[in-house]
Amino acid sequence: MMNAICKTLLATAIASACIASAQAAEPLTVYGKLNVTVQSNDEGGESETAVQSNASRLGAKGEYDLGNSLSAFYQVEYEVATNDDSSNNFKARSQFVGLKGNFGAISVGRQDTMMKVSQGKVDQFNDLSGDLKSLFKGDNRIEQTVNYVSPALGDVKFGVTYAAEAANSQDGESGVSAALMYGDAGLKKTPIYAAIAYDSKVKGYDTVRATVQGKVADLKLGAMYQSQEKSEGDSDSIDGYLVSAAYDINAVTLKAQYQDMEDTGDSWSVGADYKLAKPTKLFAFYTNRSMEGVSDDDSYFGVGLEHKF
């Protein structure tokens with residue numbers, strides 16, 4: 001029942017926003033992505049075949065000019081779990097509203113923390129089984145947040161996220177996530193992207209993360225260093241790193257990635273994307289993950305199709 005209400009509200013909101021946007025002659029974007037793989041998953045010594053959805057989504061976003069160099073912006077996005085066996089397959093993703101001006105941009109709602117934003121595109125297997133979040137803390141999207149991003153000073157920006165203590169994911173404790181970022185994460189405007197980020201009491205962890213990615217001709221190289229520890233208790237901090245590479249050969253992109261987190265485990269992935277058109281690609285990947293104290297490695301092999309609209 002609740003899922004049906006959510007679907008109705010989402011459809012109504014998108015339709016209403018389209019009408020309002022048309023009347024105001026302001027742009028509105030309804031967008032989405034379907035990413036589905038046929039996978040063989042070997043976990044805990046048991047193997048199964050799955051037709052798996054990888055963060056497929058549907059959303060609407062836009063911006064409205066308020067005059068005097070001020071504008072309002074918003075985004076409402078849901079994950080669509082195509083592999084769910086019931087109709088309850090909508091899950092909340094980024095949902096926020098904000099104001100943008102000469103002072104920068106401030107937004108409130110459910111948002112990615114600045115640490116998550118700061119990683120850019122260094123994770124070549126994002127949303128797949130080789131996603132860096134399988135070993136690293138800090139890949140967070142939190143409800144009840146306030147985000148601020150400064151205006152660009154040259155190619156440098158600063159951002160901070162405040163996570164309210166009332167948020168369920170914060171377990172009664174407020175948290176702060178901050179990042180200093182240089183360059184274009186897409187490596188289109190600058191050949192290098194670099195960032196340093198710090199989380200304090202975000203989902204129970206204090207984390208430091210440094211990220212760098214660069215492009216030389218058709219080759220992209222990336223690296224990340226991270227130190228993480230529980231905010232409460234006497235646990236020691238543990239360190240980890242990630243290295244990634246992607247190489248374009250015409251319509252094919254070859255990818256590889258390795259990550260290791262002390263006292264946790266390590267993972268390596270290889271894959272290839274074949275671009276059929278700008279919004280559509282075929283891809284394949286293999287991921288192997290070894291966890292500390294576990295005798296059998298987990299492995300994942302998938303072939304998939306992605307289409308963006």
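It should be emphasised that the depicted structure is a prediction, and the values quoted were computed from it without experimental measurement.

Caption draft 1: Quick look at the packing of aromatic side chains. Under the definition given, this model contains 4 aromatic pairs. Consider the rings of Trp 268 and Tyr 286, whose centres lie 5.4 Å apart with planes at 50°: the pair is tilted. Remark: Tyr 286 occurs in strand E16 (residues 280-291) and Trp 268 occurs in strand E15 (residues 265-277); sequence separation between them is 18 residues. If you follow Lys 255 out to its NZ or CZ, it ends over the ring of Phe 125, 5.0 Å from the centre.

Caption draft 2: Quick look at the pairing of strand E9 (residues 175-182). Here strand E8 (residues 156-163) pairs with E9 via 8 bridges, running antiparallel. Bridge pairing in E9 links Val 156 to Tyr 182. For E9 and strand E10 (residues 192-202), the ladder comprises 7 bridges, and the chain directions are antiparallel. The residue of E10 that forms the bridge with Leu 180 is Ile 196.

Caption draft 3: Representation of the side chain of Asp 123. Take Asp 123: it is sitting in the loop between helix H2 (114-118) and strand E7 (141-149). Buried and unpaired, Asp 123 has no salt bridge, with Lys 255 as the nearest side chain of opposite charge at 8.1 Å. A distance of 3.0 Å separates a polar side-chain atom of Asp 123 from the backbone nitrogen of Leu 132. Once residues within four sequence positions are removed from consideration, Asp 123 is found in contact with Gly 130, Asp 131, Leu 132 and Gln 257.

Caption draft 4: Highlighting the pattern of salt bridges. With the rule as written, the count across this model stands at 10 salt bridges. Residue Glu 63 pairs with Lys 100 through a salt bridge whose shortest N-O separation is 3.4 Å. Of this pair, Glu 63 sits in strand E3 (residues 57-67) while Lys 100 is found in strand E5 (residues 90-101), placing the two residues 37 residues apart along the sequence. On the accessibility criterion, Glu 63 (33% relative accessible area) is partly exposed. As a salt-bridge pair, Asp 112 and Lys 116 come within 3.6 Å of each other at their nearest N and O atoms. Shared partners join several salt bridges into a network, and the residues in it are Lys 33, Arg 57, Asp 127 and Glu 306.

Caption draft 5: Main features of a positive patch on the surface. Side chains of Lys 121, Lys 188, Lys 215, Lys 275, Lys 278 and Lys 308 sit close together on the surface and give a patch of like positive charge. With respect to the helices and strands, the residue Lys 188 is situated in the loop between E9 and E10.

Rules used throughout
- Counting of residues starts from 1 at the beginning of each chain's written sequence and follows it residue by residue.
- Reporting in this predicted model follows two pLDDT cut-offs: at least 70 for local features of residues, and 80 or more for side-chain atom pairs to be given and counted; totals over whole chains, interfaces and linings ignore these cut-offs and use all residues.
- No hydrogens and no water enter the side-chain calculation; it runs on all heavy atoms of the structure.
- Paired rings are identified among Phe, Tyr and Trp, the last through its six-membered ring, by centres lying within 6.5 Å, and are further divided according to the angle between planes into stacked (under 30 degrees), edge-to-face (over 60) and tilted (the rest).
- Here a helix means four or more residues in a row that DSSP labels H or I, a strand means two or more in a row labelled E, and each is numbered from the N terminus.
- Distance and angle both matter: a charge sits over a ring if NZ of Lys or CZ of Arg is within 6 Å of the ring centre and within 35 degrees of the ring normal.
- A strand pair is defined by DSSP finding two or more bridges across the two strands.
- Type-normalised accessible area, obtained with a 1.4 Å probe on protein chains alone, sets the label of each residue: buried when under 20%, exposed when over 50%, and partly exposed for intermediate values.
- Residues counted as positive are Lys and Arg, residues counted as negative are Asp and Glu, and His and the chain ends are not counted.
- Salt bridge criterion: a side-chain nitrogen from Lys or Arg within 4 Å of a carboxyl oxygen from Asp or Glu.
- Throughout this description, a polar contact denotes any pair of N or O atoms lying within 3.5 Å of each other; where both atoms belong to protein, one of them has to be capable of donating a hydrogen while the other can accept it, and for residues adjacent in sequence the pair is counted only when both atoms sit in side chains.
- A contact between two residues is defined here by any heavy atoms of the two lying within 4.5 Å.
- Surface patches are defined over residues having more than 30% relative accessible area and no salt bridge, joining like charges when they lie within 9 Å and nonpolar side chains (Val, Leu, Ile, Met, Phe, Trp, Tyr) when within 5 Å.
- For the area figures, the Shrake-Rupley method with a 1.4 Å probe applies, and any residue is considered shielded solely by the protein chains shown.
- The location of each charge is read from NZ of Lys, CZ of Arg, CG of Asp or CD of Glu.

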